Each structure stands twice: as structure tokens, then as C-alpha cells.
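# Structural overview
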Amino acid sequence: MARTIDLNADLGEGVGDDDAMLTVVTSANVACGFHAGSPTILAQTCRAAQERGVAIGAQVSYPDREGFGRRYMAMNPDDLRSDIVYQIGALAALASSTGARVTYVKPHGALYNTVVGDEEQAAAIVEAVRSVNPELAIMGLPGAVVLELARDAGLPIITEAFADRGYRADGTLVPRSEAGALLTDSAEIARRVVELVTTGTIAAVDGSTITVDAESICLHGDTPGAVEHARATRDALITAGVDLAPITR
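Here's what I pulled together on the structure shown here. Computed from a predicted model, the values in this text were never measured in an experiment.

## Side note on helix α8 (residues 226-239)
For α8, which comprises 14 residues, the first-to-last C-alpha distance of 20 Å matches the rise-based estimate of 20 Å (1.5 Å per residue) to within 8%. Buried within α8 we find A226, V227, H229, A230, T233 and L237. The buried residues of α8 all sit within an arc of 160 degrees when viewed along its axis, so they share a single face. Buried residues belonging to α8 abut β1 (4-11), α1 (18-21), α7 (186-199) and β10 (243-244). Where α8 ends, the next residue or the one after it, G241, has phi of about 85 degrees, a positive value.

As C-alpha cells, then:
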């Protein structure tokens with residue numbers, strides 16, 4: 001069952017090989033400075049993505065550069081909402097300066113995981129995005145509260161799966177601190193992604209088979225072997241007859 005899928009990666013963080021990843025992905029989740037990146041790096045990333053026809057998303061985060069945005073923060077909803085507006089606005093201006101534009105928003109790290117189930121923080125993100133531009137899509141895990149609230153608010157959504165992350169039986173990601181959280185074999189990663197895209201299912205860490213409805217696949221750009229994993233995945237999808245393209249709403 002051939003279909004079209006989007007491939008996304010976290011870029012503009014000042015780590016990994018962004019130039020190489022931009023030859024593979026169709027969407028770039030560009031850091032907004034709160035967990036990583038500088039204005040110059042972000043502008044350069046937007047320019048490079050624009051030149052390659054890669055869609056640009058604002059990857060918003062907790063204000064946690066020291067922890068790379070991977071530490072939970074119990075933020076006041078008003079503060080979180082303002083921080084999200086600030087980040088989207090900053091990246092949108094930098095993108096515009098290069099002739100590009102931001103088309104979606106994706107939470108990063110701990111914030112991404114938090115808004116799978118935390119209604120208060122999820123609502124803060126949805127309100128922030130809607131107040132900036134209600135045409136911006138929100139990208140997240142299928143079934144996440146943030147996507148449910150976004151849909152209710154009339155915002156477009158993008159569901160995603162992860163190429164190199166392990167899944168629990170409930171469809172959530174295995175925490176990085178636990179065994180099975182990260183996959184490291186390029187061939188296995190590519191095989192799993194092709195299975196997910198063509199069948200809508202994937203194996204969880206407990207051996208069960210779960211259903212994952214994803215429009216985009218995340219290829220991490222900052223893990224060991226990331227470029228090799230990404231290229232193997234892209235090649236395997238094309239061989240399986242899957243078209244690769246950014247998501248348009």
C-alpha cells in the first residue's frame with residue numbers, strides 16, 4: 001500500500017550534520033533558541049531549507065539550554081504561552097529574512113512528552129499558536145492531548161512517528177533513560193519505518209503490535225549514525241514505492 005510520507009528532523013541546534021540531513025528530509029524542525037541554536041544558525045538553517053524545498057517548522061521548547069530542553073518544567077500557563085509566542089515570532093522573522101516561512105510548530109524534548117497528557121500545558125501551546133497564526137499546524141504524537149485541543153480549536157494538526165525510538169504498548173515513547181529507547185541499527189530502523197508507513201503498525205518493546213497513524217516520520221539528527229539512519233530510511237521508503245513530500249494544508 002504505497003502512500004506519501006513526510007520526513008522531518010530537528011535542525012538548527014548547532015549539533016549534527018544539518019547540511020546532510022537537509023538532503024534527506026522534507027521538513028525541518030528548526031530550534032528557536034530556547035533549548036539550542038543562535039540567531040545566525042537559525043537563519044542559516046532556514047535559508048538552506050528554503051533552497052532545498054524543505055518545509056520549516058518552529059521547534060518550541062522549555063527555556064532550558066543547559067538541559068537541551070529535555071527536563072520537565074512546571075511552568076505557569078501564561079508564562080509558557082508567552083514563551084511559545086516569542087519563539088514562533090523569532091523564528092518566523094528569521095525565516096522571513098531569508099525568503100522562507102514557518103508552516104508548523106513542533107514542541108521539543110520534555111515539552112513534547114509533557115503535552116501528550118498534560119492538558120494545561122497543551123492548552124497553553126494551542127492558545128499561543130492560534131494567537132500567532134491559526135493556519136500554523138501543530139505536530140505531535142498520535143492521540144496526544146495537544147493535538148486533540150488543537151483540532152477542537154480549528155488548528156491543522158500533523159501526526160508523527162519516530163524512526164529511531166522505541167514504543168510502549170500504549171503508543172507512547174520509551175523514556176530515554178530506559179532500555180529500548182533508542183534504535184541504533186540503520187537496516188532495522190529502515191525496515192520498521194517501511195512497515196509503519198505501509199501497514200500502519202509497529203512492534204512495541206514488549207513484543208506487541210501497535211497501530212500508529214502517522215503523516216510524518218521524525219529522523220533525529222543529533223544521534224550517533226543519524227545521517228546513515230536517515231539515508232537508509234529514505235532509500236527503503238522509495239524502494240517500497242512511498243512518495244516523500246512535505247505536508248501541505
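## Re the nonpolar core
Counting residues in each nonpolar core, the largest one holds 76 residues, and the members touching the most others are L91, I138, V146, I217 and L237. For this core, the element with the highest residue contribution is helix α5 (residues 119-132), accounting for 6 residues. Not counting residues up to four positions away in its chain, the partners in contact with V146 are V115, A122, I125, V126 and I138.

## With respect to the packing of α5 against helix α6 (residues 145-152)
Axis separation between α5 and α6 bottoms out at 9 Å; the angle between their running directions is 45 degrees. With respect to each other, α5 and α6 are oriented oblique. Taken as a pair, α5 and α6 cross one another with a handedness that is right-handed. Here E119, A122, A123, I125 and V126 of α5 lie close against α6, whose contacting residues are V145, V146, L149 and A150. Taken together, the residues of the contact of α5 with α6 break down into 8 nonpolar, no polar and 1 charged.

## Points about the side chain of H35
Within the secondary structure, H35 is located in the loop between β2 (27-31) and α2 (39-51). Looking at H35, its side chain comes within polar contact range of the side chain of E13, at 2.9 Å. Look past the residues within four positions of H35 in its chain and what remains in contact with it is E13, Q59, S61, Y62, D64, R65, F68, G69 and H108.

## Section: the state of the cysteines
This structure, assessed with the given rule, holds 0 disulfides. Not part of a disulfide, C32 finds its nearest cysteine sulfur in C46, a span of 8.6 Å. With no disulfide of its own, C218 has C32 as its nearest cysteine by sulfur position, at a separation of 15 Å.

## Quick word on unusual backbone geometry
Positive phi values are uncommon outside glycine, yet F68 reaches one of about 60 degrees. When you line up the elements, F68 lands in the loop between β3 (55-60) and α3 (77-97).

## Observations regarding the environment of G200
Mapped onto the elements, G200 comes out in the loop between α7 and β7 (201-203). Put simply, G200 and G140 are 60 residues apart on the chain and 16 Å apart in space, counted from C-alpha to C-alpha. Sequence-distant contacts of G200, that is, excluding residues within four places in its chain, are made with E195, I210, T211 and V212.

## Observations regarding the pairing of β1
Counting buried residues in β1 gives 7 out of 8 residues, a clear majority hidden from the surface. Here β1 runs beside β10; their pairing, made up of 2 bridges, is parallel. Note on β10: the bridge partner recorded for T4 is D243. Bridge count between β1 and strand β9 (residues 216-218): 3 bridges; the pairing is parallel. When the sheet's bridge partners are listed, L7 is paired in β9 with I217. One ladder, built from 4 bridges, connects β1 with β2; its direction is parallel. Paired with L11 across the bridge in β2 is V30.

Quick notes on the rules
Residues numbered from 1 in each chain as written. Predicted model: local features only at pLDDT ≥ 70, side-chain atom pairs only at ≥ 80, totals over all residues. Heavy atoms only, no water. Helix = DSSP H or I, 4+ residues; strand = E, 2+ residues; numbered from the N terminus. Expected span 1.5 Å × (residues − 1). Buried < 20%, exposed > 50% of the residue type's maximum accessible area, 1.4 Å probe, protein only. Arc of directions from axis to C-beta. Contact = heavy atoms within 4.5 Å. Core = buried A, V, L, I, M, F, W, Y, C linked by side-chain atoms within 4.5 Å. Axes fitted to C-alpha atoms, helices over the stretch in contact; angles between N-to-C directions. Parallel < 35°, antiparallel > 145°, perpendicular 65-115°, else oblique. Left-handed = near helix turned anticlockwise from the far one by under 90°. Nonpolar A, V, L, I, M, F, W, Y, C, P; charged D, E, K, R; others polar. Polar contact = N/O pair within 3.5 Å; in protein donor to acceptor, adjacent residues only side chain to side chain. Disulfide = S-S within 2.5 Å. Pairing = 2+ DSSP bridges.

None of this, on its own, says anything about what the molecule does.
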